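Now for the letters of each chain:
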Amino acid sequence: MKNTLFLFFGILSFFQCTTPVAGPTTSTVERPNVIIILSDDQGWADVGFNGCTDIPTPNLDQLAKEGVVFKQGYATHPYCSPSRAGLLTGRYQQRFGHENNLPYTEATIEDGLPVEEVLISETLQRSGYATCAVGKWHLGDSARFWPNNQGFDDWYGFFGGGMSYWGDTGNKPAISGVLRNGQPVPPSEIHYLTDDFSREAVNYIEQYSKEDKPFFLYLAYNAPHTPLHATSEYMKVMEHQEDGERAVYGAMVYAMDRGIGEVVRKLKETGEYDNTLIFFYSDNGGALRGANNQPYRGHKGMLFEGGIRVPFCVSWPAVLPGGDVYEKPISALDIYPTILKAAGATHPQPQKLDGIDLMPFLTGKDLSKPHDELYWRYSDGAGYAVRKGKYKMIRSGYKQKFLLFDMDNDPFEQNNLASVMPEKLEELKDLYARWNRETIPARWYDPHGENVLKEEARRQDFIDGASKGEKRTGS
Ligand code: CA
C-alpha cells in the first residue's frame, strides 16, 4: 500500500456551509508513482505516434495510445544541458544562467545547475517519494551537482553529455564513465548502455514497488544521441534502410523503445501501471545525423520547430482515459507543476515555476489554453524566440535576422512575415524584451553555439556552390 492523501470531510463541510468550494471531491486519493522518460536528440518524426514508418516504436506507440499525445509539445531549449535544467527546475533556465551546454573542456567546479534551484526530485523526495535517476545527467561535472546531491536516493548513469554505448571512457578516468551512486561501475558490467539503463530502471521499479511509498524515476536515455552505436541484434530491424546513419540511429531508437516496453511490463506486473504518471519526450529536436524532424523546419540547436517541437506524450490510466491528442501548445516546463499537483507535493516558492498543471486541460475541465506566451533563448541571447497565440517570432543568431510565422496557417515555417507584418513583429519584440528583463546573463560560454554556426556555414557554402556555374541573365 502506498501513502495516501486525505482530504478532510470536516473542514470541507465547514466551508461548504458558508461558501461553495470548487476543487477536488472528497475522496482518498493514492499518490501516483511518477516517471519521466527523456530521449536525447530524437526527431519529431521518429516515433510511430507521429507517423514514423521506418523505425519500429511499438511500445512508445502503445504508451501514447493509452495516454495523450501532444501535437505541439515543446522542449524548453534546443539542446541538451539547458533543456534538462528547464525540465528539472520547472523554470526558464535563463532565470538562473543555465542557458548553454556546459563547457566541453575546462569546465570549472562552479559550472553546473545552481544548487539553490529546487529540483522536482527534491520536492518529491521531501514529500516522501523514493527517487532515482537513471541515464544521462549533463547538469554539472562536479560531484556537488550530481543526482545524489540533487534529491535522488539512487543514481545509475553518467554525469557528462555523451558517452560510448559500450561504456568505454578512452583516455579519461573511470569516474567519467558509468557510475552507481557516484562510484564507477566496472566496464565488464556494461553491455549496451541503452539496455543497461532499461535494466536498472526495471530493477528500481521492482525494488520500490515493495516499499510503502510511491516512487519517482527519472529515466534519461542518452539514445539516440551520438555516438552512433548499436548492437547487431538491433541493427537487424533497420536492414531495409539504405542510409547508414539513419539505420544506426533507427536501431538506437528501437533499442530505447524495447527498454520502455520492459519498464511498462514491469509496472503492469507489479500492479503499479494504472496509477503511474508517465511523461515521455525528447530533450530537443533531432540532430543532422540520422534523425528526421520532417515536416518541420530545422534541427537541434535551432528555434525553428525542428529544434524544439518534439515527440511528447503523457500517460496516467487512473486519471486519463487514453486515446487523446492535445492540440494546443504545451511546454516541458509544465511537467513539474503537473507532477507536483498529482503528487500533492509542494514547492517552497511555487510562484517561481513557469509552467502550469496540465491535468485540467487534458481532462477537459479547462477549455482555455495553457499558455499565452512561450519563450526560448540560447547563447546569452544570440538567438531567441517567442510564441504568442498563432504567431511565432524567431531571432536567428546564425542567420542574423528576424523571422515571423503564422503557425496556424504555416506550421512548417516557410513564409516569413517579418516584413509583411511589422507591427506584429514589434509586438513580439516588446514581449520578449519584457520577459528578457527577468533573466540573468549566461553563467558560462556556449560551446554548442559553435557547432550550429559551423553547420549553418557548411549549409550556406553548399547552397552558394550549387549555383556557381549558373548562366545569369540581365544586370
Ligand atoms: Ca539533446
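These numbers come from a predicted model, not from an experiment.

Rules used in this analysis
Residues numbered from 1 in each chain as written. Predicted model: local features only at pLDDT ≥ 70, side-chain atom pairs only at ≥ 80, totals over all residues. Heavy atoms only, no water. Helix = DSSP H or I, 4+ residues; strand = E, 2+ residues; numbered from the N terminus. Rg over C-alpha atoms; globule rule 2.2 N^0.38 Å. Buried < 20%, exposed > 50% of the residue type's maximum accessible area, 1.4 Å probe, protein only. Contact = heavy atoms within 4.5 Å. Areas by Shrake-Rupley, 256 points an atom, 1.4 Å probe, with all protein chains shown as cover. Lys, Arg positive; Asp, Glu negative; His and termini not counted. Charge placed at Lys NZ, Arg CZ, Asp CG, Glu CD. Domains from an automatic or database assignment. Buried area = accessible area lost by both parts, 1.4 Å probe. Salt bridge = Lys/Arg side-chain N within 4 Å of Asp/Glu carboxyl O. Polar contact = N/O pair within 3.5 Å; in protein donor to acceptor, adjacent residues only side chain to side chain. Pairing = 2+ DSSP bridges. Axes fitted to C-alpha atoms, helices over the stretch in contact; angles between N-to-C directions. Donors = N, O, S within 2.8 Å, 3.2 Å for Na, K, Ca; no water. Tetrahedral: all angles 85-135°; square planar, octahedral: opposite > 155°, others 65-115°. Parallel < 35°, antiparallel > 145°, perpendicular 65-115°, else oblique. Nonpolar A, V, L, I, M, F, W, Y, C, P; charged D, E, K, R; others polar.

Asker: For this particular structure, what's the right way to read the overall build of the chain?
Answerer: Each helix and strand in the chain was counted, giving twelve helices and 18 strands. Rg of the C-alpha trace for the chain: 22 Å, near the compact-globule value of 23 Å for 475 residues, within the 12% margin. Considered along the principal axes of its C-alpha atoms, the chain spans approximately 85 × 60 × 45 Å. Burial statistics for the chain: of 475 residues in total, 56% are counted as buried. Expressed as a percentage of contacts within the chain between residues at least 6 apart in sequence, the contacts between residues at least 24 apart total 70%. As displayed, the chain has an accessible area near 20000 Å², and 52% of this comes from carbon and sulfur atoms. Across the chain, the centroid of the 49 positively charged side chains sits 3 Å from that of the 62 negatively charged ones.

Asker: Is there a simple way to explain the domain arrangement of the chain in this structure?
Answerer: By convention, interface size is frequently given as the accessible area that disappears when the constituent parts associate. One can read the domain layout of the chain as domain 1 (33-48 + 56-362) and domain 2 (373-463). Just the C-alpha atoms count here: the centres of domain 1 and domain 2 sit 25 Å apart. Taken together, the contact between domain 1 and domain 2 spans 38 residues of the former and 39 residues of the latter. Between domain 1 and domain 2, the buried area comes to about 3300 Å², and carbon and sulfur atoms account for 57% of it. The interface formed by domain 1 and domain 2 holds four salt bridges in total. Notably, a salt bridge pairs Arg443 with Glu116, separated by 4.0 Å at the nearest N-O pair. Where domain 1 packs against domain 2, one counts 21 residue pairs in polar contact (both at pLDDT 80 or more).

Asker: Looking at this structure, I do not really get the pattern of salt bridges. What am I missing?
Answerer: Any two side chains of opposite charge can pair, on the condition that their charged atoms come close. For the structure shown, the criterion picks out 31 salt bridges. Residues Asp46 and Arg246 are paired through a salt bridge, measuring 2.8 Å at the closest nitrogen-oxygen approach. Of this pair, Asp46 sits in the loop between strand S3 (33-39) and helix H2 (58-65) while Arg246 sits in helix H7 (residues 244-269), and the two are 200 residues apart along the sequence. The same class applies to Asp46 as to Arg246, namely buried. Arg246 is the partner of Asp54 in a salt bridge, and the nearest nitrogen-oxygen pair spans 2.9 Å. Placement of Asp54 in the loop between S3 and H2 and of Arg246 in helix H7 is noted, with a sequence separation of 192 residues between them. Accessibility classification places Asp54 together with Arg246 in one group, the buried group.

Asker: Please clarify how the sheet that holds strand S17 (residues 391-396) should be interpreted in this entry.
Answerer: Adjacent strands of a sheet pair through backbone hydrogen bonds, lying either parallel or antiparallel. Strands sit in the order S15-S16-S17-S18 across an open sheet of four strands; the sheet is antiparallel. Among the strands making up the open sheet, the edge pair consists of strand S15 (373-378) and strand S18 (401-406). Pairs of neighbouring strands in the sheet enclose a mean axial angle of 10 degrees, with direction left out of account. Where S15 and strand S16 (residues 383-388) come together, six bridges link them in antiparallel fashion. Directly across from Trp376, in S16, lies its bridge partner Ala385. Here helix H11 (residues 422-436) sits on the sheet and contacts S15, S16, S17 and S18; the angle it forms with S15, its principal contact strand, is near 70 degrees.

Asker: Help me out: how do you make sense of the coordination of the calcium ion in this one?
Answerer: Protein coordination of the calcium ion is provided by Asp40 (OD), Asp41 (OD), Cys80 (SG), Asp283 (OD), Asp283 (OD) and Asn284 (OD1), with donor distances spanning 2.2 to 2.6 Å. One can describe the donor arrangement at the calcium ion as irregular, given that its six donor atoms subtend angles of 53 to 157 degrees at the metal. All donors of the calcium ion come from a single chain, and their spacing in sequence reads D-D-x38-C-x202-D-N. Placement of the pair is Asp40 in the loop between S3 and H2 and Asp283 in the loop between strand S11 (276-282) and helix H8 (305-308), with a sequence separation of 243 residues. Look at Asp283 and you get buried, because its relative accessible area is 0%.

Asker: Sorry, what's going on with the pairing of S3 here?
Answerer: Both faces of the sheet carry side chains from a regular strand, because those side chains alternate between them. The buried count for S3 comes to seven of seven residues, which makes it a mostly enclosed element. Burial along S3 is two-sided: the face carrying Asn33, Ile35, Ile37 and Ser39 and the face carrying Val34, Ile36 and Leu38 are both buried. Sheet topology note: the S3/S11 ladder contains seven bridges and is parallel. Bridge pairing in S11 places Ile37 opposite Phe280. Here five bridges tie S3 to strand S10 (residues 215-220), and the two strands are oriented parallel to one another. For Leu38, the partnering residue across the bridge sits in S10 and is Ala220.

Asker: When you look at unusual backbone geometry in this model, what are you seeing that I'm missing?
Answerer: Where the residue is not glycine, phi is negative for most of them; where a peptide bond is considered, it is trans in most cases. Residues Ala223 and Pro224 are joined by a peptide bond in cis, for which omega reads -5 degrees. Among the secondary structure elements, Pro224 is positioned in the loop between S10 and helix H6 (232-235). Between Thr226 and Pro227 the backbone carries a cis peptide bond, its omega angle lying at 5 degrees. Of note, Pro227 is situated in the loop between S10 and H6. Of note, His138 is a non-glycine position whose phi angle comes to about 65 degrees, a positive value. Residue position: His138 is located in the loop between strand S6 (130-136) and strand S7 (154-158). Given a relative accessible area of 7%, His138 falls into the buried group.

Asker: I tried to follow the packing of H2 against H7 on my own but got confused; where do I start?
Answerer: Helix-helix packing is characterised by the crossing angle of the two axes and by the distance between the axes. Relative to each other, H2 and H7 sit at 50 degrees, their axes nearing to 7 Å. Taken together, H2 and H7 sit at an angle that is classed as oblique. Together, Pro58, Asn59, Leu60 and Leu63 of H2 and Met256, Asp257, Arg258, Ile260, Gly261, Val264 and Arg265 of H7 make up the contact between the two elements. In the contact of H2 with H7, the residues fall into six nonpolar, two polar and three charged.

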